[in-house]
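# Coordinate analysis (summary)
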Amino acid sequence: MSPTYDASVSFSPRNWSYVSSTRIMLASFCNMQVASEDIADKVAMTAQELLENAVKYSASQDDAVSLDFSVRDGLNVVLEVRNRARADKLDQLREQHEQISQGDPLLAYLQKMQRIAENPQAEGSQLGLARIRYETGCDLQLRIDDDVVTMRVEFPLAS
């Protein structure tokens, strides 16, 4: 059995620039541990999309946004992003998650892009969530405890 590798990053939503730095660090870490550039790119893109949402919809600029990453026994990569979200956005997040989790991932992604094209000023498209599901083929798990949102994605390493 292969060892488990873990990494965690936590920062204030004030530090938006940390999202890009975290993506680069995570891609490098993942590439070294998994030895798959394809998986590393998918994990890094997923982390960036989830962190951007967490920062954008944080309840406060002072509450930490956190990312936990692990490679488990050489079988899968697990990515979790956690934050306190604005209460007025929780129902919207649940609805968006349900929409992108149903049916064909490509169709969900195209519908989100069409919505943006028709109404570019609309807030909260959740295009990033649809992108994750379409480009990675992975399901997004959503957990909301009071105002704490956790988005989890597992990337299988074996075919």
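In this numbering scheme, every chain counts its residues from 1 along its sequence in written order. Given that the model is predicted, a residue must reach a pLDDT of at least 70 before its local features are reported, and side-chain atom pairs must reach 80 or more before they are shown or counted; all residues, however, enter totals for whole chains, interfaces and linings. By convention in this description, side-chain values take in all heavy atoms of the structure and omit both hydrogens and water.

### Comments concerning helix α4 (residues 105-118)
- When the terminal C-alpha atoms of α4 are compared, their 20 Å separation across 14 residues agrees well with the 20 Å that a helix rising 1.5 Å per residue should span.
- The cut-offs for exposure are 20% and 50% of the maximum accessible area for each residue type, with area from a 1.4 Å probe on protein chains only; residues under the lower value are buried, those over the upper are exposed, and the others partly exposed. Numbering of helices and strands runs from the N terminus; a helix is a DSSP stretch of H or I covering at least four residues, while a strand is a stretch of E covering at least two. Ala108, Tyr109 and Lys112 are the residues of α4 that are buried. Axial view of α4: buried residues confined to an arc of 100 degrees, hence all on one face. Relative to its buried face, α4 has exposed residues pointing more than 90 degrees away, namely Ala117 and Glu118.
- Contacts are assigned to residue pairs that have any heavy atoms within 4.5 Å of one another. Taken together, the buried residues of α4 touch α3 (90-101) and α5 (127-136). Expected span of a helix: the number of residues minus one, times 1.5 Å. Picture the helix axis, draw a direction to every C-beta atom, and the arc is the one those directions span.

### Structural notes on the confidence of the model for the chain
- The pLDDT averaged across the chain works out to 86; a share of 94% of its residues lies at or above 70.
- Confidence scores differ between elements of the chain, with helix α1 (residues 18-34) showing the lowest mean pLDDT of 84 and strand β4 (residues 140-145) the highest of 96. The predictor reports its confidence for every residue as pLDDT, a score running from 0 up to 100.

### A few points about the packing of aromatic side chains
- Under the pairing criterion, centres of Phe, Tyr and Trp rings, with the six-membered ring standing for Trp, must be within 6.5 Å; the plane angle then separates stacked pairs below 30 degrees from edge-to-face pairs above 60, leaving the rest tilted. This model, assessed by the stated rule, comprises three aromatic pairs.
- For the ring pair Phe11 and Tyr18, a centre distance of 5.7 Å and an interplane angle of 80 degrees mean the geometry is edge-to-face.
- Taking 5.4 Å as the distance between ring centres and 20 degrees as the angle between the ring planes, the aromatic pair formed by Tyr109 and Tyr134 counts as stacked. Residue Tyr109 is found in helix α4, and its partner Tyr134 is found in helix α5; the two are separated by 25 residues along the sequence.
- What makes Tyr134 partly exposed here is its relative accessible area of 39%.

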